[in-house]
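One-letter residues, chain by chain:
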Amino acid sequence: MASVTASSVKFSSVSSLIKQNQVSNLKKASLSFTGNAFQSRRLPVRRFHVACAAKPETVNKVVDIVRKQLALPDDRAVNGESKFSVLGADSLDTVEIVMGLEEEFGICVEEESAQSISTVQEAADLIEELLEKK
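Residues numbered from 1 in each chain as written. Predicted model: local features only at pLDDT ≥ 70, side-chain atom pairs only at ≥ 80, totals over all residues. Heavy atoms only, no water.

## Here's the deal with helix α4 (residues 120-133)
Consideration 1: The first and last C-alpha atoms of α4 sit 20 Å apart over 14 residues, in line with the 20 Å expected at 1.5 Å per residue.
Consideration 2: Among the residues making up α4, those that are buried are Val120, Ala123, Ala124, Leu126, Ile127, Glu128 and Leu130.
Consideration 3: For α4, the elements touching its buried residues are α1 (56-70), α2 (91-105) and α3 (111-115). (Helix = DSSP H or I, 4+ residues; strand = E, 2+ residues; numbered from the N terminus. Expected span 1.5 Å × (residues − 1). Buried < 20%, exposed > 50% of the residue type's maximum accessible area, 1.4 Å probe, protein only. Contact = heavy atoms within 4.5 Å.)

Here is the structure:
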């Protein structure tokens, strides 16, 4: 929680305050103002979009693997923001997707990391990270 004590506060664009890959799994943010003129306020976070470093070709390969594993039709939109659960994947499908990614990219995904993957983009980011460590 951020707390500011002042008689005046200037706000600038939130996106300029957040560096790439600085926020992870942020569900709620709040700002507290105390003083004579301010009441405490909580502001729900509607949506954060954090760009990441995965190469487009990595994302495209992940999309292809997800499409194949879930037997999705060609007209079904699948992109970096696509959630596996929304695409119809259950926990077994997600495990099989991760196994397909391991085979395609020659990597080993630890169970803890595999459980945190819920979107195509998260999978692509993890792949890029693991490939950099090789």
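## Examining a nonpolar patch on the surface
Consideration 1: A grouping of Leu92, Val95 and Met99 is seen on the molecular surface, where their side chains present a nonpolar patch of about 300 Å² in accessible area.
Consideration 2: On the secondary structure map, Val95 appears in helix α2. (Patch = residues over 30% accessible without salt bridge, like charges linked within 9 Å, V, L, I, M, F, W, Y side chains within 5 Å. Areas by Shrake-Rupley, 256 points an atom, 1.4 Å probe, with all protein chains shown as cover. Salt bridge = Lys/Arg side-chain N within 4 Å of Asp/Glu carboxyl O.)

## Observations regarding the side chain of Thr58
Consideration 1: Looking at the secondary structure, you find Thr58 in helix α1.
Consideration 2: Here Thr58 is in contact with Phe105, Ala124, Ile127 and Glu128, once residues within four sequence places are set aside.

## Quick notes on unusual backbone geometry
Consideration 1: In this model, Ala71 sits at a positive phi of 50°, which is unusual for a non-glycine residue.
Consideration 2: Within the secondary structure layout, Ala71 lies in the loop between α1 and α2.

## Things to note about the side chain of Ser82
Consideration 1: Checked against the element boundaries, Ser82 lands in the loop between α1 and α2.
Consideration 2: Judged by its relative accessible area of 9%, Ser82 is buried.

## Regarding α2
Consideration 1: Helix length check: α2 (15 residues) gives 21 Å between terminal C-alpha atoms against 21 Å at 1.5 Å per residue, within 8%.
Consideration 2: Asp93, Thr94, Ile97, Val98, Leu101, Glu102 and Phe105 are the residues of α2 that are buried.
Consideration 3: As for α2, its buried residues are in contact with α1, α3 and α4.
Consideration 4: At the C-terminal side of α2, Gly106 shows a positive phi close to 65°.

## Remarks on the nonpolar core
Across soluble globular proteins, nonpolar side chains show a tendency to be buried alongside one another.
Consideration 1: Judged by nonpolar contacts, the single largest core of 26 residues is most densely connected at Val62, Val66, Phe84, Leu101 and Val120.
Consideration 2: Residue assignment for this core shows that the elements contributing at least two residues are α1, α2 and α4.
Consideration 3: With sequence-adjacent residues up to four places away left out, Leu101 is seen in contact with Val62, Ile65, Gly106, Ile107, Ala123 and Ile127. (Core = buried A, V, L, I, M, F, W, Y, C linked by side-chain atoms within 4.5 Å.)

## Some details on the pattern of salt bridges
Consideration 1: Evaluated as defined, the whole model comprises two salt bridges.
Consideration 2: Salt-bridge contacts for Lys61 lead to Glu104; the nearest nitrogen and oxygen are separated by 4.0 Å. Taken together, the positions of Lys61 in helix α1 and Glu104 in helix α2 put the pair 43 residues apart, joining distant regions of the chain.
Consideration 3: By relative accessible area, which is 39% here, Lys61 ends up partly exposed.
Consideration 4: With a closest N to O distance of 3.6 Å, Glu129 and Lys133 form a salt bridge. Taken together, the residues span about one helical turn, with Glu129 and Lys133 both in helix α4 at a distance of four residues.
Consideration 5: Residue classification places Glu129 among the partly exposed positions, given a relative accessible area of 40%.
Consideration 6: Its relative accessible area of 62% is what places Lys133 among the exposed residues.

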